Amino acid sequence: MAEPAVSMAHVSKRFRLYHERPSSVKERLLRLRRSRVEDFWALRDVAFDVPEGQTWGLVGANGSGKTTLLKIIGGILRPTEGRVVTRGRIAALLELGAGFHPELTGRENVYLNASILGLSRRETDRHFDDIVAFAELEEFIDGQVKYYSSGMFVRLGFAVAVHVDPGILLIDEVLAVGDEAFQRKCIQRVRELQREGRTIVFVTHAVQQVHQICDGAVMLDHGRVREMGEVADVIREYRLVMARQHIGFARQQLTRDMEITAAETLDADGRRPTSVVQPGAGMHVQVEVRANRPVDDPVISLAIFEANGEFVWRTGTGDMQLGRVEGKLRIDFNMISVPLQEGRYLFTVGIHDRSERIVHDLHDQRYPFDVTGTLEDDNRVVIPVGTKVDRL
């Protein structure tokens, strides 16, 4: 078993939130009572090891503590409790353009960032051409970075980080930034680092990247480790939690009093099966369920997620009274218009009671469909739906 390159020993991180904090010395002296202070624990008792030479992904909902944990590993923040032990030079790419001085040129920032990461000028000279070529900034390297686009920022930052001979590389969401060609280039470079035996820890919402390149994963939930270890197990738990969060399900075992027996997508006429829809066009989702015992007034919910696991939209039969269900039902969700941008999406289907505390069955992101074409206006995802229920 390889020695851990990163070892987290019961790490907790507290931030102090001040309410009605005095804005001047005079105000502080005249005020008889102290400002109210609230402790916010961003991390609680986080403990795991990342073996040397492995790639681990950190997943979790927004605000779960992923970036805070990455900053603690990188030495940017200190833990309030516990300790972190790392082995090897750390290169961190935690924020877009972090460490860049806007008044300096790209060339000067390369040398500045490389020196911060521990490279001598001679070592930076040796890597400089490769860094610029990787970032595809040959024409702009001597311009001030304050005039760079966000894509140029991230390309240069990533290029420096992966060319400073890191023992440990920390990445926060960068693999999901930039155009598709640059993302492929990043993945290719990550694979090269993996073959060289580097240790990589990265934060992402794109669970397909975790499946693609990770040896292990950790899921954080409100600052605590909820699941860790095998990638498939962690992603399964992450998707289940996100589905329940957006559909409103509480965390509990499925009763199986009612089960989802079939679900399929049909064209706008509701006649032919399809897995492709044009932006703004219509489609049907037909769901068949079976009651294994009589169930009073269940709700069938439908949610759409992007391929990376991000929630998009939901609907359901909550505004209908299904009454006492015995036997089988077919529910037709007629989506009159699907205003989604081009890409792959997945349906989640669930059965629960009106309080959403009792969940009978859940098929999480099991039904894919593709949107092909360009949508001119996607500021809001509002999908008009007509719902029909048939007893079979």
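Residues numbered from 1 in each chain as written. Predicted model: local features only at pLDDT ≥ 70, side-chain atom pairs only at ≥ 80, totals over all residues. Heavy atoms only, no water.

(A) A look at the side chain of His-284. Residue placement: His-284 occurs in strand E12 (residues 283-296). Classification of His-284 as buried rests on a relative accessible area of 7%. Here the side chain of His-284 touches Asn-334 through a polar contact of 3.2 Å, side chain to side chain. Beyond its immediate sequence surroundings of up to four residues, His-284 is in contact with Glu-264, Thr-265, Leu-266, Asp-267, Ala-268, Asp-269, Gly-270, Asp-332, Phe-333 and Asn-334. (Helix = DSSP H or I, 4+ residues; strand = E, 2+ residues; numbered from the N terminus. Buried < 20%, exposed > 50% of the residue type's maximum accessible area, 1.4 Å probe, protein only. Polar contact = N/O pair within 3.5 Å; in protein donor to acceptor, adjacent residues only side chain to side chain. Contact = heavy atoms within 4.5 Å.)

(B) Layout of the sheet that holds strand E15 (residues 324-335). With respect to topology, four strands assemble into an open sheet ordered E10-E12-E15-E18, the strand pairing being antiparallel. In this open sheet, the two strands that pair with only one neighbour each are strand E10 (258-266) and strand E18 (385-391). Each strand axis lies, on average, 15° off the axis of its neighbour in the sheet, ignoring direction. Of the strand pairs in this sheet, E12 and E15 are connected by eleven bridges, and their pairing is antiparallel. Bridging across to E15, Arg-290 finds its partner in Lys-328. (Pairing = 2+ DSSP bridges. Axes fitted to C-alpha atoms, helices over the stretch in contact; angles between N-to-C directions.)

(C) Just the nonpolar core, in detail. Formed by 49 residues in total, the largest nonpolar core has its most connected members in Tyr-148, Leu-156, Phe-158, Leu-169 and Val-210. When residues in this core are grouped by element, the largest group, eight residues, is from helix H5 (residues 150-161). In terms of nonpolar packing, the next biggest core, distinct from the first, is built from 31 residues, Val-295, Ile-331, Phe-333 and Val-371 among them. (Core = buried A, V, L, I, M, F, W, Y, C linked by side-chain atoms within 4.5 Å.)

(D) Spotlight on the sheet that holds strand E17 (residues 359-371). Strands sit in the order E11-E17-E16-E13-E14 across an open sheet of five strands; the sheet is mixed. Each edge of the open sheet is held by one strand with a lone partner, namely strand E11 (276-277) and strand E14 (311-316). In this sheet, strand E16 (residues 343-352) lies alongside strand E13 (residues 299-306) in antiparallel orientation, the contact comprising eight bridges. Along E16, the bridge assignment pairs Glu-306 with Tyr-345.

(E) Seen up close, the packing of helix H3 (residues 106-116) against helix H4 (residues 121-135). Packing of H3 against H4 brings their axes to within 10 Å, and their N-to-C directions diverge by 130°. When the axis of H3 is compared with that of H4, the two are oblique. Considering the relative orientation of H3 and H4, their crossing is right-handed. Along the contact surface, H3 presents Arg-107, Val-110, Tyr-111 and Ala-114, while H4 presents Arg-121, Thr-124, Asp-125, Phe-128 and Ile-131. Along the lines of polarity and charge, the residues of the contact of H3 with H4 split into five nonpolar, one polar and three charged. (Parallel < 35°, antiparallel > 145°, perpendicular 65-115°, else oblique. Left-handed = near helix turned anticlockwise from the far one by under 90°. Nonpolar A, V, L, I, M, F, W, Y, C, P; charged D, E, K, R; others polar.)

(F) Summary view of helix H2 (residues 66-73). Counting buried positions along H2 yields six of eight residues, so the element is predominantly enclosed. Turning to H2, its buried residues are Lys-66, Thr-68, Leu-69, Leu-70, Ile-72 and Ile-73. Backbone geometry just downstream of H2 places Gly-75 in the positive-phi region, at approximately 80°.

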